[in-house]
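What the coordinates show
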Amino acid sequence: MTSRRPVVDGFYDEGTGSVAYIVADPETARCAIIDPVLGFDRDSGATDTRLADQMADHVRARGLTVEWVLDTHPHADHLSAVAYLGDRLGAPTGIGERVAAVQGIWADIYHLPERQAEGRRYWDRLFAEGDRFRVGGLEVEVIFSPGHTAASVTYLVGDAAFIHDTLFMPDAGTARADFPGGDARALYRSIQRILALEPQTRLFTGHDYRPGRRAARWEATVAEQRARNVHLRDGVGEEEFVRLREERDRTLPLPGLMLAALQVNLRGGRLPEPEANGTSYLTHQSVT
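Definitions and limits used
- Residues numbered from 1 in each chain as written.
- Predicted model: local features only at pLDDT ≥ 70, side-chain atom pairs only at ≥ 80, totals over all residues.
- Heavy atoms only, no water.
- Core = buried A, V, L, I, M, F, W, Y, C linked by side-chain atoms within 4.5 Å.
- Buried < 20%, exposed > 50% of the residue type's maximum accessible area, 1.4 Å probe, protein only.
- Helix = DSSP H or I, 4+ residues; strand = E, 2+ residues; numbered from the N terminus.
- Contact = heavy atoms within 4.5 Å.
- Pairing = 2+ DSSP bridges.
- Expected span 1.5 Å × (residues − 1).
- Arc of directions from axis to C-beta.
- Phe/Tyr/Trp six-rings, centres within 6.5 Å; stacked < 30°, edge-to-face > 60°.
- Lys NZ or Arg CZ within 6 Å of the ring centre and 35° of its normal.
- Salt bridge = Lys/Arg side-chain N within 4 Å of Asp/Glu carboxyl O.

In the nomenclature of an unreviewed UniProt entry, the protein chain is known as MBL fold metallo-hydrolase of Paeniroseomonas aquatica.

In structure tokens:
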């Protein structure tokens, strides 16, 4: 019988505090890549593939075959390398089906009418709540987890759950819920569903901002989160959490890469089509 415990390797991006993952079935050497990061220099507008290439090198060195390259949601604080790695590794890409709602929200805000409801153009598969697919001998379950965005999903692979921007490490609390389409109450309910998984389920976060300048970490069990999460340990009710989350969100600045990231990530990690001079351009913030 196939083990229910996948091998998980995290790849930390120091500049954005993001964590990308390779989750592998040790019995078949098949794997999926989750939330890979594309480097971006705001000053020069240049992208780089260093972290994504590290992941591709890791796959090759361990003799793995990539079956999926996945986004958990359209990220607002870093660029996605899903399209780059999907093309490089010849693997299909996927995201939650409600990405169309997020595309519509941001298309209106940033006047990008061509971004309206085009999910199927940019990802090979749009996953619905409860969808199941396989990575080697491991079954993956898709759990709709809104709150941080309207489209967020969790991927449950054996005893490992990739929970994106819901819970962070216990000493860092939870993710913000104040972006358009976000909702602190929905986030609370999504987290409660995650915390109802088996106590020893390993939860892998989408970010770690290293509170107290400690070393980066990105794995904690359900039991550890329920006992020690500073925002949502056992006993914290919905109203208390919503009040805490909304008060905290009002103090947070917008991510510096937000406008650039969304223009790329709502295209599945692709830059806008080049202009006549062969250069891709990103829209700047509006001025009123």
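Back to the write-up after that little detour.
1. So, the nonpolar core
By size, the foremost hydrophobic cluster in this structure holds 31 residues, and its most contacted members are I22, C31, I33, V59, V66, V69 and W123. Only strand 2 (18-25), strand 3 (30-34), strand 4 (37-40), helix 1 (50-61), strand 6 (65-70), helix 2 (82-89) and helix 8 (258-265) provide two or more residues apiece to this core. For this core, the leading source of residues is helix 1, giving five residues. Apart from the residues lying within four places of it in its own chain, the contact partners of V69 are I33, P36, V82, L85, G86, A91, P92, T93 and G94.

2. Some thoughts on the sheet that holds strand 5 (residues 47-48)
Here we have three strands laid out as an open sheet, ordered 5-4-7, and antiparallel in their pairing. This sheet does not close on itself; its edge strands, each paired only once, are strand 5 and strand 7 (79-80). Judged from the two bridges that link them, strand 4 and strand 5 form a sheet pairing that is antiparallel. The partner of F40 across the bridge, within strand 5, is T47.

3. Overview of helix 5 (residues 184-195)
The end-to-end C-alpha separation of helix 5 is 16 Å, in line with the 16 Å expected for 12 residues at 1.5 Å each. Among all positions in helix 5, only A184, L187, Y188, S190, I191, I194 and L195 are buried. Angularly, the buried residues of helix 5 cover 165 degrees about the axis, an arc narrow enough to put them on a single face. Residues of helix 5 that are buried in the fold lie against strand 12 (153-157), strand 13 (160-164), strand 14 (202-205), helix 6 (222-228) and helix 7 (238-249).

4. Re the packing of aromatic side chains
Two measures describe an aromatic ring pair: the distance that separates the ring centres and the angle between the ring planes. Counted under the stated rule, the structure contains 11 aromatic pairs. When the centroid spacing of 6.1 Å and the interplanar angle of 85 degrees are considered together, the rings of F127 and Y155 count as edge-to-face. You can see F127 sitting in strand 9 (residues 125-127) and its partner Y155 sitting in strand 12, a full 28 residues away along the chain. Since its relative accessible area comes to 1%, F127 is described here as buried. Here the guanidinium or amino end of R98 rests over the ring plane of F144, the centre of that ring lying 4.0 Å away.

5. Remarks on the pattern of salt bridges
Within the structure shown, the criterion is met by 20 salt bridges. The shortest N-O distance in the salt bridge between R185 and E238 comes to 2.8 Å. With R185 in helix 5 and E238 in helix 7, this residue pair connects regions lying 53 residues apart in the sequence. Looking at R185, the relative accessible area reads 28%, which means it is partly exposed. Across the pair D249 and R245 runs a salt bridge whose closest N-O atoms are separated by 2.7 Å. With D249 and R245 both in helix 7 and four residues apart, the pair spans about one turn of that helix. Of the residues examined, D249 reaches a relative accessible area of 6% and is grouped as buried. Among the charged side chains, a salt-bridge network with shared partners connects D53, D57, R60 and R88.

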